[in-house]
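# Secondary and tertiary structure notes
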Amino acid sequence: MGGQQKPHFLLVTFPAQGHINPALEFAKRLLRAGVDVTFATSLSGNRCLEKADVPDGLGFAAFSDGYDDGFRANDGNILTYMSKFRQSGSKSLSDVLEKARDEGKQVTCLVYTLLLPWAAEVAREYHVPSALLWIQPALVFDVYYYYFRGYGDVIKECENNPSWSLRLPNLPFTLKKCDLPSFLLPSTPLPYTFALPTFQEQIEELEKEETPTILVNTFEELEVDALKAIERFTLIPVGPLLPLRNLEVRDPSDDRLSSGRDLRGEDYLKWLDSQEESKVIYVSFGSISVLSRAQQEELARALIQTHRPFLWVIREKEKKKGNKDEHEDTDDDDDDDEELSCMEELKQLGKIVPWCSQVEVLSHPSVGCFVTHCGWNSTLESITCGVPMVAFPQWTDQTTNAKLVRDVWKIGVRVKKSGEEGLVKAEEIKKCLEEVMESEDTRKNAKKLNELAVQAAKQGGGSDKNLKCFIEKVISHQKLNLCDSIH
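Residues numbered from 1 in each chain as written. Predicted model: local features only at pLDDT ≥ 70, side-chain atom pairs only at ≥ 80, totals over all residues. Heavy atoms only, no water.

## What about the sheet that holds strand β11 (residues 310–313)?
Judged by pairing direction, the sheet is parallel, and its six strands sit side by side in the order β12-β11-β10-β13-β14-β15 without closing on themselves. The strands lining the two open edges of the sheet, one partner per strand, are β12 (351–353) and β15 (412–414). With strand direction ignored, the average angle separating the axes of adjacent strands in the sheet is 15 degrees. Strand direction decides the pairing type here: strand β13 (residues 367–372) and strand β14 (residues 389–391), joined by three bridges, are parallel. Bridge pairing in β14 places Thr 372 opposite Ala 391. Most of the contacts of helix α8 (residues 293–306) go to β11, to which it runs at about 165 degrees, and overall it touches β10 (280–284) and β11. (Pairing = 2+ DSSP bridges. Helix = DSSP H or I, 4+ residues; strand = E, 2+ residues; numbered from the N terminus. Axes fitted to C-alpha atoms, helices over the stretch in contact; angles between N-to-C directions. Contact = heavy atoms within 4.5 Å.)

If you want it as structure tokens, here you go:
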């Protein structure tokens, strides 16, 4: 790239692991393309990077949001937190932009992840181009967009109509109530009612731009229709935003990990090595979702009844919160440290761990199925590793992702809740596990998407070309502005 000054991108992200992981991978792609990058998030978000594979040359602009140990629902009103985060984040970005300008190293572009519409305001104030890095599927963006652009009342009708369904413009499939992002439903837990107006503001900020840029963590072949469903916006696929070395077929004896940690001492990998190919059920619900104790018991019964080996990630805090609301973040221990009632039977059949490297597990040849909450990062990791899924969505975009997994891509099944308690019973889980583990068609579909994902992300692939084209356009815009200022 010509010119005396390297392009300088400022990347700001919400301080949650599910936001930071794809943002960090995006930063790595920018660095590899010859761009200087400053990564901005709160101090608590910065700590999420302590175990990550942070590349050389990445700059940081951490700021305090008043909750340096991380915000929890019982810390106070989440609206107050979001307001403080906006205030602190806006000032921090302004400081970075001013310092860069004063040092003669003007920021070329400000890229921000979702829930941060104010970042676009700051960029406009300093006459810096901005781009939204959408870290959920394109379909979810489409649903939010149309909700705020004429379909809100229609979607609200789903609450009292069991047979309700909707087909949005330019999409070839219908959506049912269970397929909608949970934030669109009145049943959204009170602490999270801030999300919907924040998404609305995000779309309104984009509409203020003459040529809004929306980069999406997906790839062309995965969401052909969803990427083109909105005529007003151009959605640019730049994913999957996963560690590049994990997108390639590797020798199982390769001990490298995306986080840079040495895994040779991890006993769960040794255990996986001892299992037959495609026979292990992998179970994990991400870093936020927490199953109730009753639901854990149903899942445990199902795993035992399948008589198949499994690897189940039960985080330490999940053990403590098993009887809490599934999205409540609290440090109360109560009496939830007690083991599951059938723990001895579980240990005889499979393995339970508090943590594992998910991509390393999914890419292991012994894994044949992933029981997942369908967070977008986990879904993309499963797709990229070619592993079929049992979709067990909890909230936010996970319900829509589950729709894609089962009905659109046909790479898995989705569990059904039953009864007033809304539990997924052991019989239902077992049925879903057997269906996925025994379906050759599902496995073939997963393998096909795996190949397309790897092709898109590698050098010269569709997503790689899209990212480089975006960078070149931003640089051209900067050069044009420099010429105008000279003349």
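So that's the structure; there's more coming.
## Let's talk about the pattern of salt bridges
Per the stated rule, a full pass over the model turns up 22 salt bridges. Close ionic contact of Arg 124 with Glu 209 constitutes a salt bridge, the shortest N to O distance being 3.0 Å. You can see Arg 124 sitting in helix α4 (residues 118–125) and its partner Glu 209 sitting in the loop between α6 (195–207) and β8 (214–216), a full 85 residues away along the chain. Between Lys 468 and Asp 464 there is a salt bridge whose closest N-O contact spans 3.1 Å. Of this pair, Lys 468 and Asp 464 both sit in helix α16 (residues 462–486), four residues apart, which is roughly one turn of that helix. Here the salt bridges share partners, and the residues they tie into one network are Arg 124, Glu 205, Lys 208 and Glu 209. (Salt bridge = Lys/Arg side-chain N within 4 Å of Asp/Glu carboxyl O.)

## Considerations on the side chain of Thr 113
Along the chain, Thr 113 falls in strand β4 (residues 109–113). In terms of polar contacts, Thr 113 uses its side chain to reach the side chain of Thr 13, at 3.3 Å. Sequence-distant contacts of Thr 113, defined by excluding residues within four places in its chain, comprise Val 12, Thr 13, Phe 14, His 19, Ala 23, Leu 132, Leu 133, Ile 135 and Gln 202. (Polar contact = N/O pair within 3.5 Å; in protein donor to acceptor, adjacent residues only side chain to side chain.)

## Topic: a negative patch on the surface
Taken together, the side chains of Glu 98, Asp 102, Glu 103 and Glu 125 define an acidic patch exposed on the protein surface. Following the sequence through the fold, Glu 103 ends up in the loop between α3 (78–102) and β4. (Patch = residues over 30% accessible without salt bridge, like charges linked within 9 Å, V, L, I, M, F, W, Y side chains within 5 Å. Areas by Shrake-Rupley, 256 points an atom, 1.4 Å probe, with all protein chains shown as cover. Lys, Arg positive; Asp, Glu negative; His and termini not counted. Charge placed at Lys NZ, Arg CZ, Asp CG, Glu CD.)

## What to know about empty space enclosed by the protein
Evaluation of the coordinates by the stated rule reveals one cavity of 30 Å³ or more. Estimates place the volume of the largest cavity at around 30 Å³. Lining the largest cavity, in full, are Arg 29, Val 238, Ala 456, Ala 457, Ser 463, Asp 464 and Leu 467. If you list the elements that add at least two residues to the lining of the largest cavity, you get α15 (440–457) and α16. Examining the composition of the lining of the largest cavity, we find that three residues originate from one element, α16, more than from any other. When grouped by side-chain class, the residues that make up the lining of the largest cavity number four nonpolar, one polar and two charged. (1 Å grid on protein atoms, 1.4 Å probe; cavity = no way out; pocket = protein on both sides within 12 Å on 5 of 7 lines; lining within 4 Å. Points joined across faces, edges and corners; volume = space filled by probe spheres on them. Nonpolar A, V, L, I, M, F, W, Y, C, P; charged D, E, K, R; others polar.)

## Quick word on the packing of α8 against helix α14 (residues 426–438)
Two elements in contact, α8 and α14, have axes separated by 8 Å at closest approach and are oriented at 45 degrees. When the axes of α8 and α14 are compared, the pair comes out oblique. Between α8 and α14 the crossing geometry is right-handed. Taking contact as the criterion, the partners of Gln 295, Glu 298, Leu 299, Arg 301, Ala 302, Leu 303, Gln 305 and Thr 306 in α8 are, on α14, Ala 426, Glu 427, Ile 429, Lys 430, Leu 433 and Glu 434. In terms of residue class, the contact of α8 with α14 is made up of six nonpolar, three polar and five charged. (Parallel < 35°, antiparallel > 145°, perpendicular 65-115°, else oblique. Left-handed = near helix turned anticlockwise from the far one by under 90°.)

## Describing helix α5 (residues 138–156)
Between its first and last C-alpha atoms α5 spans 21 Å; for 19 residues at 1.5 Å apiece the expected length is 27 Å, and the helix comes up short by more than 12%. The largest bend in α5 comes to about 100 degrees, at Gly 150. (Expected span 1.5 Å × (residues − 1). Bend = angle between axes of the 7 residues up to and from the residue.)

## Topic: the pairing of strand β2 (residues 36–40)
Two faces belong to every sheet, and in a regular strand the side chains alternate between them. With five of its five residues buried, β2 lies for the most part within the structure. Here β2 shows two buried faces, one formed by Asp 36, Thr 38 and Ala 40 and the other by Val 37 and Phe 39. Sheet topology note: the strand β1 (residues 8–12)/β2 ladder contains five bridges and is parallel. Paired with Leu 11 across the two strands is Phe 39, which belongs to β2. Read as a crossover between parallel neighbours, the route from β1 over helix α1 (residues 17–32) to β2 is right-handed. Looking at chain direction, β2 and strand β3 (residues 59–60) are connected through two bridges and run parallel. Among the inter-strand pairings, Thr 38 is bridged to a residue of β3, identified as Gly 59. (Buried < 20%, exposed > 50% of the residue type's maximum accessible area, 1.4 Å probe, protein only. Right-handed = clockwise from strand over helix to strand, strands pointing away.)

## Overview of the packing of α3 against α4
Close contact between α3 and α4 brings their axes to 10 Å; oriented N to C, the two are set at 30 degrees. Looking at the two axes, α3 sits roughly parallel to α4. The interaxial crossing formed by α3 with α4 has right-handed handedness. Across the interface between the two elements, Phe 85, Arg 86, Gly 89, Ser 90, Leu 93, Ser 94 and Leu 97 of α3 pack against Trp 118, Ala 119, Glu 121 and Val 122 of α4. Its residues assigned to classes, the contact of α3 with α4 shows six nonpolar, three polar and two charged.

## Quick notes on the packing of aromatic side chains
This model, assessed by the stated rule, comprises 22 aromatic pairs. Between Phe 85 and Trp 118, the ring centres sit 5.8 Å apart and the planes meet at 65 degrees, which makes this aromatic pair edge-to-face. Highlighted residues: Phe 85 in helix α3 and Trp 118 in helix α4, separated in sequence by 33 residues. Trp 118 carries the same exposure label as Phe 85, and that label is buried. (Phe/Tyr/Trp six-rings, centres within 6.5 Å; stacked < 30°, edge-to-face > 60°.)

## Remarks on the environment of Asn 217
Within the secondary structure layout, Asn 217 lies in the loop between β8 and β9 (235–237). In this structure Asn 217 comes out as buried when scored by relative accessible area, which is 0%. Linking Asn 217 and Pro 237, residues 20 residues apart in sequence, is a C-alpha distance of 6.1 Å. Once residues lying within four places of it in the same chain are set aside, the contact partners of Asn 217 are Pro 22, Trp 134, Ile 135, Gly 239, Pro 240, Leu 241, Trp 376, Asn 377 and Leu 380.

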